[in-house]
Amino acid sequence: MKKLLLTAFVMIGFLVSARANIRVVVSIRNQTAWLVDYDRILMTSPVSTAKRGMHTPTGHFKVSEKDVWHMSTIYHVPMPYYMRLSGEPFGMHAGYLPGYPASHGCIRMPRNKAAMFFKSVNIGTSVRILPN
């Protein structure tokens, strides 16, 4: 029994450490997000960031909350697969992508990509948002 528990703890530790190198990079200029492991791109997604007159913050953030079915308290719209960044009032989530910046500040992604990013990141995952 002890050997089985030890094996389980080693496997869990391996999985957690393997995911510890996952990070997200978002380019406002390219309207693209990348899921990266070390220097290897695991997944790419188009995004829609803030429209003219609004602002998507840039810099280094961490995923601070994950909510599969989040509802915006400001705009009262669903934000599926919501990943809040550093406790700020914005994040990444599934939403409409018209092909240009159109959000109020969040980073919108296609639903299928948002779901895959959501499943791949943990609370604490690093997110870097590059400026225009």
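J.: Talk me through the pattern of salt bridges; I want residue IDs and the actual numbers.
T.: A complete count under the given rule lists one salt bridge for this structure. Arginine 84 is the partner of glutamate 65 in a salt bridge, and the nearest nitrogen-oxygen pair spans 2.6 Å. With glutamate 65 in strand β4 (residues 59-71) and arginine 84 in strand β5 (residues 78-85), the pair connects residues that are 19 residues apart, well separated along the chain.

J.: Please set out the side chain of threonine 125 residue by residue, giving values where relevant.
T.: The residue threonine 125 is located in the loop between α2 (111-120) and β8 (126-130) in this model. A polar contact is formed between the side chain of threonine 125 and the backbone oxygen of asparagine 122, at a distance of 2.9 Å. In contact with threonine 125, not counting residues within four places along its chain, are Ile22, Arg23, Phe61, Lys62 and Val63.

J.: How would you sum up a nonpolar patch on the surface? Please name residues and give values.
T.: Together, Met54, Ile74, Tyr75 and Val77 make up a nonpolar patch on the protein surface, roughly 360 Å² of accessible area in all. Its place among the elements puts methionine 54 in the loop between β3 (40-46) and β4. Methionine 54 gets classed as partly exposed once you look at its relative accessible area, which sits at 34%.

J.: Requested: an account of the nonpolar core, with residues and values cited.
T.: Side chains that are nonpolar tend, in soluble globular proteins, to be buried together. Counting 28 residues, the largest nonpolar core has Val24, Val26, Leu85, Met92, Phe117, Val127 and Ile129 as the members making the most contacts within it. Counting only elements with at least two residues in this core, the list comes to β1 (22-27), β2 (32-37), β4, β5, β6 (91-94), β7 (107-109), α2 and β8. Of the residues forming this core, the biggest block, five residues, is contributed by β5. Among all residues touching methionine 92, those that are not within four sequence positions of it are Val24, Val26, Tyr81, Tyr82, Met83, Leu85, Ile107, Met109 and Val127.

The rules behind each value
Residues numbered from 1 in each chain as written. Predicted model: local features only at pLDDT ≥ 70, side-chain atom pairs only at ≥ 80, totals over all residues. Heavy atoms only, no water. Salt bridge = Lys/Arg side-chain N within 4 Å of Asp/Glu carboxyl O. Helix = DSSP H or I, 4+ residues; strand = E, 2+ residues; numbered from the N terminus. Polar contact = N/O pair within 3.5 Å; in protein donor to acceptor, adjacent residues only side chain to side chain. Contact = heavy atoms within 4.5 Å. Patch = residues over 30% accessible without salt bridge, like charges linked within 9 Å, V, L, I, M, F, W, Y side chains within 5 Å. Areas by Shrake-Rupley, 256 points an atom, 1.4 Å probe, with all protein chains shown as cover. Buried < 20%, exposed > 50% of the residue type's maximum accessible area, 1.4 Å probe, protein only. Core = buried A, V, L, I, M, F, W, Y, C linked by side-chain atoms within 4.5 Å.

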